[in-house]
Amino acid sequence: MWLSDAQKIGVALTTFGTLFMFLGVMLFFDAALLALGNMLFLSGLTLIIGPQKTFYFFARKQKLRGTACFIGGILLVFMKYSFIGMIVEIFGFLNLFGDFFPVVVTFLRQVPFIGNLLSLPYIRPQIVDRIAGSRTSAV
């Protein structure tokens, strides 16, 4: 499936938003970088899946707690409470996007170098299998 021009721009905005949030955390929770990263991430997500699907994703009844925490964290970052805002925002992010982690882990297991890394004895049973949701049988 090919991406439209708006979706390509959305991927770039989401990538830059993630980069700015990472830099904001690395530079001791710089509120300006975190706020810019949040805005780029949300606008990129809107361009990737469209405004209506974005609204329906955040407004689903099962996701209301995650949405409230995510938006509350963004507002706290805008009010210069960047450390507390990022903690609340990460909690909301995990509630919103936690369903996608098994899909991401399954994809990463297929990537040549990363798949071997995720199969190491101490990483696989304690971290990766727990995230992916795979269960081992008792037999």
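What you are looking at is a predicted structure, and each value in this text was computed from that prediction instead of being measured.

(A) Examining the packing of helix α2 (residues 31–49) against helix α5 (residues 82–97) more closely. Following both chains from N to C, one finds α2 and α5 inclined at 20°, their axes separated by 11 Å at the closest point. Between α2 and α5, the angle is such that the two are roughly parallel. For the pair α2 and α5, the sense of crossing is left-handed. From α2, A31, L34, N38, F41 and L45 reach across to α5, where they touch S82, M86, E89, F93 and F97. Its residues assigned to classes, the contact of α2 with α5 comprises seven nonpolar, two polar and one charged.

(B) Region of the structure containing the nonpolar core. In this structure, L34, F57, F58, F70, V77, L96 and F97 are the most contacted members of the largest nonpolar core, which totals 13 residues. Breaking this core down by element, the ones donating at least two residues are α2, α3 (51–59), α4 (64–78) and α5. Per-element tally for this core: the top contributor is α2, with four residues. Beyond its immediate chain neighbours, meaning those up to four positions away, L34 contacts M21, G24, V25, F29, V77, S82 and M86.

About the cut-offs
Numbering of residues starts from 1 in each chain and follows the order in which that chain's sequence is written. The predicted nature of this model means local features are confined to residues of pLDDT at least 70 and side-chain atom pairs, given and counted, to a pLDDT of 80 or more, with totals for whole chains, interfaces and linings taken over all residues. With hydrogens and water stripped out, all remaining heavy atoms of the structure feed into the side-chain values. Here, axes are lines fitted to C-alpha atoms. For helices the fit covers the stretch in contact, and angles between N-to-C directions go from 0 to 180 degrees. Secondary structure elements follow DSSP: runs of H or I no shorter than four residues count as helices, runs of E no shorter than two count as strands, and numbering proceeds from the N terminus. These descriptions rest on fixed angle ranges, namely under 35 degrees for roughly parallel, over 145 for roughly antiparallel, 65 to 115 for roughly perpendicular, and the rest for oblique. Put simply, a crossing is left-handed when the front helix is turned counterclockwise from the back one by less than a right angle, and right-handed when it is turned clockwise. Whether two residues touch is decided by their heavy atoms; if any such pair falls within 4.5 Å, the residues are in contact. For this scheme, ten residues count as nonpolar: Ala, Val, Leu, Ile, Met, Phe, Trp, Tyr, Cys and Pro. Four count as charged, namely Asp, Glu, Lys and Arg, and the remainder, Gly too, count as polar. In this text, buried Ala, Val, Leu, Ile, Met, Phe, Trp, Tyr and Cys residues form a nonpolar core when linked through side-chain atoms within 4.5 Å. Accessible area is worked out with a 1.4 Å probe on protein chains only. A residue is then buried under 20% of its type maximum, exposed over 50%, and partly exposed in between.

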